[in-house]
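So the chains spell out like this:
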Amino acid sequence: MSTATSSEHLNIVIVGHVDHGKSTLLGRLYADTGSLPDGKLEKVQAICRQQGKEFEYAFLFDAFLEEQEQGITIDTARTFFNWKGRQYIIIDAPGHKEFLKNMISGAARAEAALLLIDALEGVKEQSKKHGYLLSLLGVRQFAVVVNKMDLVGYRQDVFEGIEKEYREFLAQFGANPERIIPVSAKLGDNIANRSQAMAWYQGPTVLDALSAFKKEMVRSEQPLRFPVQDVYKFDARRILAGRITAGRLKIGDHLVFSPSNKRANIRTIEAFNIEPVLTSGEAGQSVGITLDEQIFVERGEIATHQERLPLVSTAFKANLFWLGKRPLEEGRRYLLRVVTKEVECEVAAIHRIIDTMDLSQQQGSKTVIRNQVAELTLRAKAPIAFDLSSSFEATGRFVLVDDYDIAGGGIVTEMIRDDQEVLREEARRRDFAWVKGEVGIEERAQQYGHRAAIVLITGGRHTGKSFLAKKLEARLVADGRHAYLLDGENLRRGLDADLAEGQRGQTMEMARRYGEVARLLADTGLIVVSTTNPFGLDYAEAAQSIKTLVHPTPVIAIHMSKLPEEPPANADIVFSGPADFDAATRRILDELKRRGVLAQAIGAKPTFQYSI
Amino acid sequence: MKHLRQLEDQSVYILREAYKHFDNLAMLWSMGKDSTVLLWLARKAFFGHVPFPLLHVDTSYKIPAMIEYRDRLAREWHLNLVVGQNKDALAAGMNHTLGRVTCCTALKTNGLKQLLEQKGYTGVILGVRADEEGTRAKERYFSPRDKHGDWDFRDQPPELWDQFKTTFPPGTHIRIHPLLDWTEINIWEYIKLENIPFIDLYLNKGDGTRYRSLGCAPCTTPIKSTASTVDDIIEELRHTTVAERSGRAQDEGRGMELLRKDGYM
Ligand SMILES: Nc1nc2c(ncn2[C@@H]2O[C@H](COP(=O)(O)OP(=O)(O)O)[C@@H](O)[C@H]2O)c(=O)[nH]1
Ligand SMILES: [Mg+2]
């Protein structure tokens, strides 16, 4: 291949409408720069002769038999190309709309793109869709290549007509190509060599345009974003592993983890076979750190510096493209993934469908079908940390998983303040300022044989909430656990004595106080068993407030009803009908074990499955 | 060097995703340069540990030096080595003279399938690279295989940013390819940078030949080369225009597409 020594990598994707010449351009680029392996060109030419068909440069990379027979690219091919000290991975994306998911997979890992438009056919459906998707996928560097100029007599006016039309389209969503280049891929005009047939064009060739693309380095200059990928304990070290998606970190840095609001300082940066020992890391790197304090942090949290925290909410607005086999539906649940965070979410509203042909918008649809782009609101089951995609790339985008498949992707355009915003802010401020003693939660858990947790029982009147709560407390204590029944009635006459009864605003203030008391008890390491009795019919709202305030202590939400009814969202266990309290108690104990609150064996010092 | 670290960062990220999502995970190790770099990257990702078994599908036709090297590293690096073999096929006398595709299918593809089935692995990490040959260029980092271990390349799952396909129906499994973006030169540059121990069959030891790609003894031929150090190899590769697998018989015709569709690595 090329003799150049490469010092840098650049991922390029070639997109555009089917048959506009993407695969041909790629083949030509390799052929004209002498980048094909020995004999490859001759071999493919010979096969074509043998089969009696015309040689196509596209055959060089359309490796599947089916692709060659049908003359189309089905899936993206990664090809490698060295030029002037840079190693390019060029991805040839399929242009056929049936294979849009493959085009998107190719484009999503690109740092720059070439977008092809056939001079004879002009701007087509996929030319527009691909242009729009590049912008949605965050590929901001791209050149437009107007191909097949040989078919229009190399005419400047045809080229300029397409340039004008396409620029106007791109301008509607603020995209701006670096270059627009007239070429003939088949004949090699302006690919690697300057065209003799288009003296009117003075700009760069495609090869020049590739060299002019910049490697994006700015991410390291942004505020820190370090999403936790995993927590390892292979040896004495407890290592938080992950990839820094923005900014830098170094030993001694004070980190805040969102949404749990846990904090600690970086003690070491761990690596295998690296000398000298690392003291810092920056965007793009997969690193491992240890902390000066054993705090409970899980995959999915985002570590940042305290000055530039990410957003935290349960809801956001987004632009999404859908690739799923079945349509996305309003009201349905999907798995949401933001970097390493996975949480169940619901499509709260589909605001509009965007037609990528003319960017017209259609409202009132309750579904988004395959290959459509939509503006919608997602609501997650638990608060998550994220950013707006306009400020951070990686933490500002997400995918939705339907069944077993990634079925859609999108970018976050707006945070939606949910009704928990005020309480969440209170919890954040309180946690940041929390004065800790010498005893950490891990030590407490080791001593007690379990972790702290809140068992929160909701339900209407006379469903047996208090009875179950008492039974559960008794059983836990009999088993040697440290449990305490926090009955709301006990706060009412004391802590809440200054509140007037029965007013709604007051109920919410009661819930707030109740939540803060539960938070305190949980910090002592107790399993707090509680009911929402004092809140009457506002129990669902009260339960939500309590959850927000005690976060990230695990909350096991139990709902009881006499008749089958719609349980509140997020209930972990639902008991309906006449209750068998012993069975219910056992069921809750199982859940506590499953969640890692109770170690499996009583008496033994616990070894918890989940990392802290 | 920076570009090697970029490749390393991506591969490590993929390995950690694999480890997080698959309870029953294993890595294929053929002792060749690629899968040994992959093994090294696992030690990078997990800070000196390799928290899953390494599978070797032994065709019994491997070059003996490869087996010695395998057992030595397994000892020194505390590897959990699992060796599988299609004993029935061997007992029935399978060898390359019965046809290369037939032999590869029986001893490697089916040997692997048997091993996966026996152990119930749901995630298998492999060191295939996109620049090796055309069908591998079209692979995903996380690539599903159906109940029969077959690859449906017509309908591959989307792969967006660093989000991969990590959920799958029972009975199927996922192939994980952390080295897709690496080229042959990158592999050697990295071996040099990290000083990774490799089999000396890759070097010329005076007779003017060396192996560029290692497979079974009968189906792999050495190339003419004077390269006797890693630096020599890197220098040689910078100037060569001969395909890496030109010494591998299975790549002839449509051999590789057919093999890989049926679950070959
Ligand atoms: N006349 C002419 N034909 C071209 C040119 N580029 C590509 N083609 C032809 O257009 C057809 C589609 O090309 P291909 O590269 O497969 O398009 P893709 O679908 O965008 O990858 C093939 O028959 C090519 O030979 C060009 O510059 N001039
Ligand atoms: Mg094509």
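Position numbers for residues count from 1 along each chain, tracking the sequence in the order it is written. In the order they appear in the text, chains get letters beginning with A and ligands get numbers beginning with 1. Given that this is a predicted model, residues contribute local features only at a pLDDT of at least 70 and side-chain atom pairs are listed and counted only at 80 or more, while totals for whole chains, interfaces and linings are drawn from all residues. To get the side-chain values, all heavy atoms of the structure are used, and hydrogens and water are removed first.

Visitor: Which residues make up the interface of chain B and chain A, and what values go with them?
Guide: Across the contact, 65 residues belong to chain B and 79 residues belong to chain A. Salt bridge, as used here: a side-chain nitrogen of Lys or Arg that lies within 4 Å of a carboxyl oxygen of Asp or Glu. For the interface between chain B and chain A, the tally reads nine salt bridges. Among the salt bridges present, the one from B:Lys2 reaches A:Glu282, with a minimum N-O distance of 4.0 Å. Polar contacts here mean pairs of N or O atoms no more than 3.5 Å apart (in protein, one a potential hydrogen donor and the other a potential acceptor; neighbouring residues in sequence count only if both atoms are side-chain atoms). Linking chain B with chain A are 30 residue pairs in polar contact (both at pLDDT 80 or more). The helix count covers DSSP runs of H or I at least four residues long, the strand count covers runs of E at least two residues long, and both are numbered beginning at the N terminus. Broken down by secondary-structure element, the contributors of at least two residues to the side of chain B that touches chain A are α1 (2-21), α2 (33-45), α6 (184-194) and α7 (230-239) of chain B. It is α1(B) that contributes the most residues to the side of chain B that touches chain A, 14 residues altogether. The residue makeup of the side of chain B that touches chain A, split by class, is 26 nonpolar, 17 polar and 22 charged. The contact rule is simple, with two residues in contact once any of their heavy atoms fall within 4.5 Å. By the convention adopted, Pro, Cys, Tyr, Trp, Phe, Met, Ile, Leu, Val and Ala count as nonpolar, Lys, Arg, Asp and Glu as charged, and the other residues, Gly among them, as polar.

Visitor: Which residues make up the domain arrangement of chain A, and what are the values?
Guide: What counts as a domain boundary in this text is fixed by an automatic or database domain assignment. Partitioning chain A into domains gives domain 1 (8-212), domain 2 (223-304), domain 3 (311-418) and domain 4 (424-594). Domain 1 of chain A and domain 4 of chain A are separated by 60 Å when their C-alpha centres are compared.

Visitor: Help me get a handle on the sheet that holds strand β1 (residues 8-16) of chain A, residues and values and all.
Guide: Residues and elements named next belong to chain A. Criterion used throughout: strands pair if DSSP finds at least two bridges between them. Pairing is mixed across the open sheet formed by six strands, whose spatial order is β2-β3-β1-β4-β5-β6. Each edge of the open sheet is held by one strand with a lone partner, namely β2 (77-83) and β6 (179-182). Strand-to-strand twist in this sheet, taken as the mean axis angle between neighbours without regard to direction, amounts to 25°. One ladder, built from four bridges, connects strand β5 (residues 142-147) with β6; its direction is parallel. Residue pairing across strands places Ala 143 opposite Arg 179, the latter belonging to β6. Simply put, an axis is a line fit to the C-alpha atoms, just over the touching stretch for a helix, and the angle between two N-to-C directions goes from 0 to 180 degrees. Most of the contacts of helix α6 (residues 156-171) go to β6, to which it runs at about 150°, and overall it touches β4 (112-118), β5 and β6.

Visitor: How would you summarise the sheet that holds strand β7 (residues 226-232) of chain A if you had to cite specific residues and measurements?
Guide: All names here are of chain A. Strand order in the closed barrel formed by six strands is β7-β8-β13-β11-β10-β14, and the pairing between neighbours is antiparallel. Neighbour to neighbour, the strand axes of the sheet diverge by 50° on average, direction disregarded. In this structure, strand β10 (residues 254-258) lies alongside strand β14 (residues 302-304), joined through three bridges in antiparallel fashion. Paired with Phe 257 across the strands is Ala 303, a residue of β14.

Visitor: I'd love a proper account of the nonpolar core, names of residues and values included.
Guide: We call a set of buried residues a nonpolar core when its members are Ala, Val, Leu, Ile, Met, Phe, Trp, Tyr or Cys and they connect through side-chain atoms within 4.5 Å of each other. Think of it in three bands: residues with accessible area under 20% of the maximum for their type are buried, residues over 50% are exposed, and the middle band is partly exposed, with areas taken using a 1.4 Å probe on protein chains only. Membership of the largest hydrophobic core comes to 187 residues, with the highest contact counts inside it found for A:Leu114, A:Leu137, A:Phe321, A:Leu336, A:Phe398 and A:Leu400. Excluding residues that lie within four positions of it along the chain, A:Leu137 makes contacts with A:Ile104, A:Ala107, A:Ala108, A:Phe321, A:Arg397, B:Leu160 and B:Trp161. Grouped together as the second largest cluster of nonpolar side chains are 23 residues, A:Leu472, A:Leu485, A:Ile556 and A:Ile573 included.

Visitor: If you had to explain the packing of helix α5 (residues 125-137) of chain A against α6(A) to someone new, which residues and values would you point to?
Guide: Residues and elements named next belong to chain A. Closest axis-to-axis distance for the α5/α6 pair is 10 Å, and the angle between their directions is 40°. The angle between α5 and α6 places the two elements in the oblique class. Crossing angle aside, the handedness with which α5 passes α6 is right-handed. Contacts between α5 and α6 involve Ser 127, Lys 128 and Gly 131 from the first element and Tyr 166, Phe 169 and Leu 170 from the second. Considered class by class, the residues forming the contact of α5 with α6 number three nonpolar, two polar and one charged. Any angle that is under 35 degrees is reported as roughly parallel, and any over 145 degrees as roughly antiparallel; angles of 65 to 115 degrees are reported as roughly perpendicular and all others as oblique. Left-handed describes a crossing whose near helix is turned anticlockwise from the far helix through less than a right angle; right-handed describes the clockwise counterpart.

Visitor: An account of the state of the cysteines is requested, with residue identities and associated values reported.
Guide: Residues and elements named next belong to chain B. Only a pair of cysteine sulfur atoms within 2.5 Å counts as a disulfide in this structure description. Inspection of every chain in the model, using the stated rule, returns zero disulfides over all chains. Free cysteine Cys 103: the closest other cysteine sulfur is in Cys 104, separated by 6.1 Å. On the basis of relative accessibility, which here comes to 9%, the residue Cys 103 falls in the buried class.

Visitor: I'd like a rundown of the pattern of salt bridges, residues and numbers included.
Guide: What the rule picks out here adds up to 69 salt bridges over all chains. In this structure, the salt-bridge partner of A:Lys250 is A:Asp253, at a minimum N-O distance of 2.9 Å. Residue classification places A:Lys250 among the partly exposed positions, given a relative accessible area of 46%. According to the relative accessible area criterion, A:Asp253 is buried, its value standing at 8%. Here B:Arg5 makes a salt bridge to B:Glu194, at a shortest N to O gap of 2.7 Å. One end of the pair, B:Arg5, is in helix α1; the other, B:Glu194, is in helix α6, with 189 residues separating them in the sequence. In this structure, B:Arg5 and B:Glu194 share a single accessibility class: buried. Overlapping salt bridges, with partners in common, bring together A:Glu426, A:Asp496, A:Asp498, A:Glu509, A:Arg512 and A:Arg513 in one network.

Visitor: Give me the site of ligand 1: which residues, what numbers.
Guide: All names here are of chain A. Proximity is defined per residue: if any heavy atom of the residue lies within 4 Å of a molecule or strand, that residue is considered near it. Taken together, 17 residues sit near ligand 1, with Asp 19, Lys 22, Thr 24, Glu 56 and Asp 150 positioned nearest. In the model, an oxygen atom of ligand 1 is placed 3.0 Å from a nitrogen or oxygen of the Asn 147 side chain. The backbone of Ala 185 places a nitrogen or oxygen atom 2.9 Å from an oxygen atom of ligand 1. Looking at the shell around ligand 1, the element that brings in the most residues is helix α1 (residues 22-32), giving three residues. Class assignment of the residues belonging to the shell around ligand 1 gives a composition of four nonpolar, seven polar and six charged.

Visitor: Talk me through α6(B); I want residue IDs and the actual numbers.
Guide: With nine of eleven residues buried, α6(B) is to be regarded as a mostly interior element. Along α6(B), the positions that sit buried rather than exposed are B:Glu184, B:Ile185, B:Asn186, B:Ile187, B:Trp188, B:Glu189, B:Tyr190, B:Ile191 and B:Glu194. Those residues of α6(B) that are buried are in contact with β1 and β3 (86-92) of chain A together with α1, α2 and α7 of chain B. Positive backbone phi, approximately 60°, marks B:Asn195, located one or two places after α6(B).

Visitor: Any details on the domain arrangement of chain B? Residues and values, ideally.
Guide: Residues and elements named next belong to chain B. Per the domain assignment, the segments making up chain B are domain 1 (2-183 + 251-261) and domain 2 (184-249). If you look at the interface, domain 1 gives 38 residues, while domain 2 gives 28 residues. The contact between domain 1 and domain 2 buries some 2,900 Å² in all, and 62% of this surface belongs to carbon and sulfur atoms. Three residues stand out in domain 1 for area buried against domain 2, namely Lys 33, Trp 40 and Ile 63, and they jointly supply 23% of the buried area on that side. Our enumeration of links across domain 1 and domain 2 arrives at two salt bridges. Counting across the domain 1 and domain 2 interface gives eleven residue pairs in polar contact (both at pLDDT 80 or more). Counting only elements with at least two residues in the side of domain 1 that touches domain 2, the list comes to α1, α2, α3 (64-76) and α5 (100-119). Broken down by element, the side of domain 1 that touches domain 2 gets its largest block of residues, seven residues, from α2. Split by residue class, the side of domain 1 that touches domain 2 holds 16 nonpolar, six polar and 16 charged. For any pair of parts, buried area is found by adding up, for both, the accessible area (1.4 Å probe) each one loses once the two are put together.

Visitor: Talk me through the pairing of β3(A); I want residue IDs and the actual numbers.
Guide: Residues and elements named next belong to chain A. With respect to burial, β3 is a largely interior element, seven of its seven residues being buried. Here β3 shows a buried face lined by Arg 86, Tyr 88, Ile 90 and Asp 92 and a second buried face lined by Gln 87, Ile 89 and Ile 91. The sheet contact formed by β1 and β3 spans seven bridges and is parallel. Residue pairing across strands places His 9 opposite Gln 87, the latter belonging to β3. In this sheet, β3 lies alongside β2 in antiparallel orientation, the contact comprising seven bridges. Note that in β3 the partner of Thr 79 across the bridge is Ile 90. Count of turn residues in the β2/β3 antiparallel hairpin: two residues, of which Lys 84 carries a positive phi of about 45°.

Visitor: Quick one: what's the story with helix α4 (residues 100-108) of chain A, residue by residue and with numbers?
Guide: Residues and elements named next belong to chain A. Counting buried residues along α4, nine of its nine residues qualify, which places the element largely inside the surrounding structure. Those residues of α4 that sit buried are Leu 100, Lys 101, Asn 102, Met 103, Ile 104, Ser 105, Gly 106, Ala 107 and Ala 108. Among the structural elements, β1, β3, α5 and β15 (311-322) are those in contact with the buried residues of α4.

Visitor: Provide a residue-level description of the confidence of the model for chain A, including the pertinent values.
Guide: When pLDDT drops low, the exact placement of atoms in the prediction is not to be read closely. Confidence scores here are pLDDT values: one per residue, from the predictor, ranging 0 to 100. Scored by pLDDT, chain A has a mean of 87; 94% of the residues are at 70 or more. The spread of mean pLDDT over the elements of chain A runs between helix α3 (residues 65-70) of chain A, the lowest at 67, and β14(A), the highest at 97.

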